[in-house]
Amino acid sequence: MSGITFSEVAKSYDKTSIVQKSASEKLFELLSIKPTEDVLDLGCGTGDLTVKIRKITSGKVIGIDVEKEMIEKSLNKYGKKNITFKVKRAEEINYKDEFDVIFCNSAFQWFKNPDIVLQKCYEALKTKGRIGIQAPARKVYSPNFIQAIEEVKKHPKTKDVFKFFEEPWFFLESAEEYKELFERNNFEVLYAEIEEKHTKHTPEEVYNIFNSGAVAGYLNPKYYKIPIDETYAKAFREIVKENFYNQVDEEGKVELVFYRVYLIAKK
Ligand SMILES: C[S@@+](CC[C@H](N)C(=O)[O-])C[C@H]1O[C@@H](n2cnc3c(N)ncnc32)[C@H](O)[C@@H]1O
């Protein structure tokens, strides 16, 4: 068996997660965390945004993530910053009326059962507490990535294995559908929008962005119904990279398009 998980992504996440980090700025603005609020960072990754939260509030700050390596990295970097980091699945948190704010950046798409997560979040929030998410949205969350994956789907070196891949992500197509999801879990939705963001990068940068998150799904043995090997993983990477090189404009840059949902809701 071969492939990749977030444990491996953790090793390079600090350098390659530019897209997730820049998308988080708007989430910070929308949530506007106050100086004494208690905050839970759901799917905190390597802790860089958790420490940003720590700088805003003197309240309790907890970061949870399902991957041990992500939490180890967070602890190595920020273990002395008065933040509690825990290995925990979002579906299994058991807090009651503890947080003013739940912050969830670039992680919601990974939750297998978003209804359960939202029920747990509702219980974890204090009355009038708020939750804010930023996550890739829509099945074609990035036309550039999907174009590369279409190539993998038909390429002779990958097509026979890729057909056994089952997409792990959860996406909805419209802000209205995200709103309904939160409302059926008792939240009052204050803001919901799907943003279409265009940025320009070298193909190498696009490949790095792909490697900072998406690859943890596409090359994860867990999401294949048959074993995958190193030859397949290597071919997959080469095809994706080559496709990004084929997407360049006359300046040698790729116009990367991403759809992201921003949603703020109140208990
Ligand atoms: C793209 S990273 C985002 C990390 C961080 N929030 C950021 O914006 O930089 C997604 C994170 O969600 C975590 N994750 C995925 N599924 C999860 C789950 N069910 N419960 C908790 N964390 C989860 C992954 O391990 C990963 O660290």
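Bear in mind that the values here come from a model prediction, so they are computed numbers and not experimental data. (Residues numbered from 1 in each chain as written. Predicted model: local features only at pLDDT ≥ 70, side-chain atom pairs only at ≥ 80, totals over all residues. Heavy atoms only, no water.)

S.K.: Is there a simple way to think about the site of the ligand in this case?
M.R.: As a structural note, the neighbourhood of the ligand is formed by 20 residues, with Gly43, Asp65, Ala90, Glu91 and Asn105 the closest of them. One of the side-chain nitrogen or oxygen atoms of Glu91 is found 3.0 Å away from a nitrogen atom of the ligand. A total of 590 Å² of accessible area belongs to the ligand in isolation, and the protein chains cover 97% of it. (Near = heavy atom within 4 Å. Polar contact = N/O pair within 3.5 Å; in protein donor to acceptor, adjacent residues only side chain to side chain. Areas by Shrake-Rupley, 256 points an atom, 1.4 Å probe, with all protein chains shown as cover.)

S.K.: Just checking my understanding: could you explain the side chain of Ser24 for this structure?
M.R.: Mapped onto the elements, Ser24 comes out in helix H2 (residues 18-31). For Ser24, the contacting residues outside a window of four places in its chain are Leu49 and Asn105. (Helix = DSSP H or I, 4+ residues; strand = E, 2+ residues; numbered from the N terminus. Contact = heavy atoms within 4.5 Å.)

S.K.: How should I be thinking about the packing of helix H6 (residues 143-154) against helix H11 (residues 230-246) in this particular structure?
M.R.: The geometry of a pair of packed helices is captured by two quantities: the angle between their axes and the separation between those axes. It is the contact of H6 with H11, at a shortest axis distance of 9 Å, that shows an interaxial angle of 130°. Taken together, the axes of H6 and H11 lie oblique to each other. Between H6 and H11 the crossing geometry is right-handed. Residues Asn144, Phe145, Gln147, Ala148, Ile149, Glu151 and Val152 of H6 form the contact with H11, whose own contacting residues are Tyr232, Phe236, Ile239, Val240, Asn243 and Phe244. Among the residues forming the contact of H6 with H11, the class breakdown is nine nonpolar, three polar and one charged. (Axes fitted to C-alpha atoms, helices over the stretch in contact; angles between N-to-C directions. Parallel < 35°, antiparallel > 145°, perpendicular 65-115°, else oblique. Left-handed = near helix turned anticlockwise from the far one by under 90°. Nonpolar A, V, L, I, M, F, W, Y, C, P; charged D, E, K, R; others polar.)

S.K.: When you look at the packing of helix H9 (residues 203-211) against H11 in this model, what are you seeing that I'm missing?
M.R.: Following both chains from N to C, one finds H9 and H11 inclined at 135°, their axes separated by 8 Å at the closest point. In terms of orientation, H9 and H11 fall into the oblique class. Crossing hand, H9 versus H11: right-handed. Residue-level contacts link Pro203, Glu204, Val206, Tyr207, Phe210 and Asn211 of H9 to Phe236, Arg237, Val240, Lys241, Phe244 and Tyr245 of H11.

S.K.: What is the right way to look at the nonpolar core in this model?
M.R.: As a rule of thumb, soluble globular proteins bury nonpolar side chains together. Leu42, Phe182 and Tyr218 are the most contacted members of the largest nonpolar core, which totals 68 residues. Among the elements that take part in this core, strand E7 (residues 254-266) stands out by supplying eight residues, more than any other. Phe28, Leu31, Ile71 and Tyr262 belong to the second-largest nonpolar core, a separate cluster that totals 19 residues. (Core = buried A, V, L, I, M, F, W, Y, C linked by side-chain atoms within 4.5 Å. Buried < 20%, exposed > 50% of the residue type's maximum accessible area, 1.4 Å probe, protein only.)

S.K.: What exactly am I supposed to notice about a negative patch on the surface here?
M.R.: Together, Glu173, Glu176, Glu177 and Glu180 line one region of the surface with negative charge. On the secondary structure map, Glu180 appears in helix H8 (residues 175-183). (Patch = residues over 30% accessible without salt bridge, like charges linked within 9 Å, V, L, I, M, F, W, Y side chains within 5 Å. Salt bridge = Lys/Arg side-chain N within 4 Å of Asp/Glu carboxyl O. Lys, Arg positive; Asp, Glu negative; His and termini not counted. Charge placed at Lys NZ, Arg CZ, Asp CG, Glu CD.)

S.K.: Got a minute to help me understand unusual backbone geometry in this structure?
M.R.: Backbone geometry follows two general trends: most residues other than glycine have a negative phi, and most peptide bonds adopt the trans configuration. One non-glycine residue, Asn82, lies in the positive phi region at around 60°. Considering the arrangement of structural elements, one finds Asn82 in the loop between helix H4 (68-78) and strand E3 (84-87). For Asn186, which is not a glycine, the phi torsion comes out positive at approximately 80°.

S.K.: Would you explain the pattern of salt bridges in this entry?
M.R.: For side chains of opposite charge, pairing can occur when their charged atoms come near one another. Applying the stated criterion across every chain yields a total of 22 salt bridges. For Asp48, the salt bridge goes to Lys77, with nearest N and O atoms at 2.6 Å. Within this pair, whereas Asp48 is found in helix H3 (residues 48-56), its partner Lys77 is found in helix H4, the two being separated by 29 residues in sequence. We classify Asp48 as buried; its relative accessible area is 18%. Salt-bridge contacts for Glu204 lead to Lys241; the nearest nitrogen and oxygen are separated by 3.2 Å. Highlighted residues: Glu204 in helix H9 and Lys241 in helix H11, separated in sequence by 37 residues. Residue Glu204 is classed as partly exposed on the basis of its relative accessible area of 31%. Given the relative accessible area of 28%, Lys241 is considered partly exposed. One network of salt bridges, with partners in common, ties together Lys26, Glu193 and Glu195.

S.K.: Please clarify how helix H5 (residues 114-124) should be interpreted in this entry.
M.R.: Of the positions making up H5, those classed as buried are Pro114, Val117, Leu118, Lys120, Cys121 and Ala124. Down the axis of H5, the smallest arc covering the buried residues is 160°, so these residues share one side. Along its buried surface, H5 packs onto strand E1 (39-42), strand E4 (99-105), strand E5 (125-136) and H8. (Arc of directions from axis to C-beta.)

S.K.: What is the right way to look at the UniProt feature "domain: Methyltransferase" (unreviewed entry) in the protein in this model?
M.R.: Here, the residues flagged by UniProt with the feature "domain: Methyltransferase" (unreviewed entry) are residues 35-185. Annotated as residues 35-185, this span is 37% helix and 21% strand, and its ends, taken at the C-alpha atoms, are 28 Å apart. (UniProt positions renumbered as here; feature names shortened; annotations may be inferred.)

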